[in-house]
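The chain contents come next:
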Amino acid sequence: MKRREFMTLLGGTAAWPLAARAQQPAMPVIGMLRSTRAEGFAYMTEALRAGLSESGYDVGRNLVIEYRWADEQHGRLPALAAELTRKPVAVIVANSIAALAAKSATSTVPIVFVTGSDPIGDGLVTSFSRPGGNVTGISFLSGGSSGKRLELLRQLVPGAATIAMLVDPRTAETLAERRDLEAAAQAVGQRLFVVEIREDRELEPAFASVVEQKAGALYISAGAYFSARQRLLAALALRHRLPAAHAQREFVVVGGLMSYGTSISNAYRQAGLYAGRILKGEQAADLPVLQPTKFEFVLNLATAKAIGLAVPLHIHAVADEVIE
């Protein structure tokens with residue numbers, strides 16, 4: 001073989017894969033934007049990926065996910081949202097406050113929110129059935145289940161003259177939940193002791209004040225701040241032998257006593273399904289905001305035993321899931 005022929009053959013062989021690769025369609029990119037830290041939320045990202053997989057999209061095979069976490073510094077959200085739109089991403093999945101930042105950053109990139117508050121009141125959409133614009137999502141309305149959660153906690157600890165409540169006053173979600181719980185407590189004559197938490201250094205003193213008030217049980221409000229610290233909250237409640245209730249099952253899994261609410265994991269799976277439908281060509285404006293149809297009561301008997309709480313048989317019987 002002549003040298004020129006060899007060089008031509010070698011050049012052609014080397015160039016073919018490059019040309020083939022150039023013709024391959026680029027993988028779609030999903031942006032996940034949250035106001036929180038990444039720590040403590042792996043179950044949400046796994047659920048999102050599961051929903052996308054059900055839609056036919058698997059990370060690394062035909063999809064890329066770009067994660068952006070504001071680390072609880074809400075002022076960073078506008079820049080992070082703008083960064084995702086510049087990449088660009090095909091869809092942004094976000095919690096409520098992050099979705100508002102994304103909505104301000106773009107009117108064209110579809111946004112799928114997951115929120116525990118009212119998306120109409122928050123300004124994300126104008127209608128549940130026909131959201132319009134580029135925004136839709138899942139609203140699991142944590143505050144709506146607060147009365148039932150209080151009722152279950154009262155039945156677990158019928159002798160609790162005072163029930164303490166931890167709230168993060170910085171979000172509309174927890175403020176609405178506080179109003180709901182205060183109304184529910186007043187209706188049954190239950191004394192409520194409310195403690196506001198804005199940063200981690202306030203947690204230990206908060207539990208000390210709860211004990212000083214002789215609270216017989218503790219209600220921990222929903223929201224991103226407390227969701228990121230479920231393991232710590234469960235440990236503090238155990239140390240102080242406080243029967244504690246939360247909105248999310250994950251709190252019970254890591255040692256909390258009980259939870260009552262909708263499944264946030266399922267909400268993020270649904271967000272993944274919606275993102276997949278949008279990638280296939282559907283419009284966010286045509287996808288109705290989904291609301292929960294199932295609430296679950298989860299109980300940890302091992303924690304009850306550790307704090308010396310005897311669980312009434314009728315409460316045990318109505319639990320949807322019991323961890324022993």
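From a predicted model like this one, the values you see are computed outputs, not experimental measurements.

(A) Structural detail: the sheet that holds strand 10 (residues 258–261). With mixed pairing, the seven strands of this open sheet are ordered in space as 7-6-8-9-10-11-12. In the strand order of this sheet, the two ends are held by strand 7 (191–196) and strand 12 (321–323), each with one partner. Neighbour to neighbour, the strand axes of the sheet diverge by 20° on average, direction disregarded. Sheet topology note: the strand 11 (residues 296–300)/strand 12 ladder contains three bridges and is parallel.

(B) Looking closely at the sheet that holds strand 4 (residues 111–115). If you walk across this open sheet you meet the five strands as 2-1-3-4-5, and the pairing is parallel. Looking at strand neighbours, the two that pair on one side only are strand 2 (64–69) and strand 5 (135–139), the edges of this open sheet. Strand-to-strand twist across the sheet, computed as the mean angle between neighbouring axes with direction ignored, equals 20°. The strands that helix 3 (residues 77–86) touches are strand 1 (29–34), strand 2 and strand 3 (91–95); relative to strand 1, the one it contacts most, it runs at about 175°.

(C) The arrangement of the pattern of salt bridges in detail. The tally for this structure, following the rule as stated, stands at 19 salt bridges. One salt bridge connects R61 with D58, and the closest N-O pair in it is separated by 3.0 Å. Among the residues examined, R61 registers a relative accessible area of 52% and is labelled exposed. In this structure, the salt-bridge partner of E177 is R149, at a minimum N-O distance of 2.8 Å. Of this pair, E177 sits in helix 6 (residues 172–188) while R149 sits in helix 5 (residues 146–156), placing them 28 residues apart in sequence. Neither residue differs from the other here; E177 and R149 are each classed as buried. Within this structure, E66, R68, E83 and K87 form a network of salt bridges that share partners.

(D) Up close: the side chain of T262. Mapped onto the elements, T262 comes out in the loop between strand 10 and helix 11 (264–279). Accessibility expressed as a relative area gives 8% for T262, which makes it buried. Apart from the residues within four sequence positions on either side, T262 is in contact with F140, A247, P292, K294 and F295.

(E) The arrangement of the confidence of the model for the protein in detail. Looking at the protein as a whole, the pLDDT averages 90, with 91% of positions reaching at least 70. Contacts from residues 1–24, a stretch scored under 50 in pLDDT, to residues over four places away or in other chains number two contacts.

(F) Representation of the nonpolar core within the structure. Counting 28 residues, the largest nonpolar core has I30, L52, V93, V112, Y268 and A271 as the members making the most contacts within it. Taken together, the elements giving at least two residues each to this core come down to strand 1, helix 2 (42–54), strand 2, strand 3, strand 4 and helix 11. Among the elements that make up this core, the one with the highest residue count is helix 11 (seven residues). Excluding residues that lie within four positions of it along the chain, V112 makes contacts with V91, I92, V93, A94, T136, G137, I138, A271, Y274, A275 and I278.

Quick notes on the rules
- Residues numbered from 1 in each chain as written.
- Predicted model: local features only at pLDDT ≥ 70, side-chain atom pairs only at ≥ 80, totals over all residues.
- Heavy atoms only, no water.
- Pairing = 2+ DSSP bridges.
- Helix = DSSP H or I, 4+ residues; strand = E, 2+ residues; numbered from the N terminus.
- Axes fitted to C-alpha atoms, helices over the stretch in contact; angles between N-to-C directions.
- Contact = heavy atoms within 4.5 Å.
- Salt bridge = Lys/Arg side-chain N within 4 Å of Asp/Glu carboxyl O.
- Buried < 20%, exposed > 50% of the residue type's maximum accessible area, 1.4 Å probe, protein only.
- pLDDT = per-residue confidence, 0-100.
- Core = buried A, V, L, I, M, F, W, Y, C linked by side-chain atoms within 4.5 Å.

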